[in-house]
Amino acid sequence: MKRLIFGISLMLIGFIGNTILCAGAMSSQFTVNGSNNIWKILELFGVMPYVIILLIIGIAGLAFAIAGLLDKKE
């Protein structure tokens, strides 16, 4: 049960953090050569490493949550 709760909290931290970063980048008026490509805008702001770290945290949280669900109770 502890692993499930830990995994869910990590997954939420990672994915909600990415959502906030992407929403902040999309709310700006900057375009890259007239394109609103989110990845290029994130690179323009310099937050791409943080997006990658938060994605890794979210995926690791998903793995912990799945492991917590499959964990046998003794």
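Here goes a summary of the coordinates provided. What you see is a predicted model, and the numbers here were worked out from it, not measured in a lab.

On the surface, a cluster of nonpolar side chains totalling about 360 Å² of accessible area is made up of I8, L12, I16 and I20. Here I20 falls in the exposed class, since its relative accessible area comes to 57%.

Attention now moves to the environment of G68. Counting through the fold element by element, G68 comes out in helix α3 (residues 48-70). Sequence separation of G68 and I56 is 12 residues, and the distance between their C-alpha atoms is 18 Å. The contact partners of G68, leaving out residues within four places of it in the chain, are R3 and L4.

Quick look at the nonpolar core now. Nonpolar side chains tend toward joint burial in soluble globular proteins. Core analysis: the largest hydrophobic core is formed by seven residues, namely A25, I38, I41, L42, V47, M48 and V51. Taken together, the elements giving at least two residues each to this core come down to α2 (38-45) and α3. With three residues, α2 is the single largest residue contributor to this core. Those residues in contact with I38 that sit more than four places away from it in its chain are C22, A25 and M26.

Right, let's get into the packing of helix α1 (residues 2-26) against α2. Direction vectors running N to C along α1 and α2 enclose 90°, while the axes themselves pass 10 Å from each other. Comparing the axis directions of α1 and α2 gives the class roughly perpendicular. Mapping the contact onto sequence places L21, C22, A25 and M26 in α1 and I38, I41, L42 and F45 in α2. Of the residues belonging to the contact of α1 with α2, the class tally is eight nonpolar, no polar and no charged.

Let us look at the packing of aromatic side chains. What the rule picks out here adds up to one aromatic pair. Here F6 and F64 contribute two aromatic rings whose centre-to-centre distance is 5.2 Å and whose plane-to-plane angle is 80°, an arrangement assigned as edge-to-face. A residue pair is termed long-range when its members are at least 10 positions apart, and F6 in helix α1 and F64 in helix α3 qualify at 58 residues.

The rules behind these values
- Residues numbered from 1 in each chain as written.
- Predicted model: local features only at pLDDT ≥ 70, side-chain atom pairs only at ≥ 80, totals over all residues.
- Heavy atoms only, no water.
- Patch = residues over 30% accessible without salt bridge, like charges linked within 9 Å, V, L, I, M, F, W, Y side chains within 5 Å.
- Areas by Shrake-Rupley, 256 points an atom, 1.4 Å probe, with all protein chains shown as cover.
- Salt bridge = Lys/Arg side-chain N within 4 Å of Asp/Glu carboxyl O.
- Buried < 20%, exposed > 50% of the residue type's maximum accessible area, 1.4 Å probe, protein only.
- Helix = DSSP H or I, 4+ residues; strand = E, 2+ residues; numbered from the N terminus.
- Contact = heavy atoms within 4.5 Å.
- Core = buried A, V, L, I, M, F, W, Y, C linked by side-chain atoms within 4.5 Å.
- Axes fitted to C-alpha atoms, helices over the stretch in contact; angles between N-to-C directions.
- Parallel < 35°, antiparallel > 145°, perpendicular 65-115°, else oblique.
- Nonpolar A, V, L, I, M, F, W, Y, C, P; charged D, E, K, R; others polar.
- Phe/Tyr/Trp six-rings, centres within 6.5 Å; stacked < 30°, edge-to-face > 60°.

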